Amino acid sequence: MAKQKMIHQVYFWLHDVANTKEFLTEAVPMLGRCKTVGKFIAGTPAATADRDVVDHSFQVSCTLFFDSLEDQDIYQSDPLHLEFIEKYSSMWKKVQVYDIAI
């Protein structure tokens, strides 16, 4: 049976918008260094037109690609992922995750 590849998208709303650059450059890159992450991308909302279907309200987003659902499960307990949560969770007021099978 073929492995199910997936994309793990994470959106962060920070308590203090002034911390966006630090969170983008210092915090979220830790997630990309987790051993089972195949590809990692992080960014901020694009300056696209305001439309009812577009959400520009978050400060930072990251997208992680995994070769399997098992790799994503391993990521959840990766020491770097756990360190990220412990060190930076006080910076966000909301986090939203979307997992996509590809």
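1. Examining the side chain of Ser61
Working step 1: In this fold, Ser61 is placed in strand S3 (residues 60–66).
Working step 2: For Ser61, a relative accessible area of 10% puts it in the buried group.
Working step 3: Within the structure, Ser61 has its side chain in polar contact with the backbone oxygen of Val10 (distance 3.2 Å).
Working step 4: Excluding anything up to four places from it in sequence, Ser61 contacts Val10, Tyr11, Ile41, Ala42 and Gly43.

2. Thoughts on a nonpolar patch on the surface
Working step 1: On the surface, Tyr98, Ile100 and Ile102 cluster together to form a nonpolar patch covering roughly 290 Å² of accessible area.
Working step 2: Residue placement: Ile102 occurs in the segment after strand S4 (92–101).

3. Section: helix H3 (residues 69–76)
Working step 1: Here H3 has its buried residues at Asp71, Gln72 and Tyr75. The arc that holds the buried residues of H3, viewed along the axis, is 100°, so those residues lie on one side.
Working step 2: Each element contacted by the buried residues of H3 is listed here: strand S1 (6–14), helix H2 (29–32), S3, helix H4 (79–88) and S4.

Reading the values: rules and limits
Residues numbered from 1 in each chain as written. Predicted model: local features only at pLDDT ≥ 70, side-chain atom pairs only at ≥ 80, totals over all residues. Heavy atoms only, no water. Helix = DSSP H or I, 4+ residues; strand = E, 2+ residues; numbered from the N terminus. Buried < 20%, exposed > 50% of the residue type's maximum accessible area, 1.4 Å probe, protein only. Polar contact = N/O pair within 3.5 Å; in protein donor to acceptor, adjacent residues only side chain to side chain. Contact = heavy atoms within 4.5 Å. Patch = residues over 30% accessible without salt bridge, like charges linked within 9 Å, V, L, I, M, F, W, Y side chains within 5 Å. Areas by Shrake-Rupley, 256 points an atom, 1.4 Å probe, with all protein chains shown as cover. Salt bridge = Lys/Arg side-chain N within 4 Å of Asp/Glu carboxyl O. Arc of directions from axis to C-beta.

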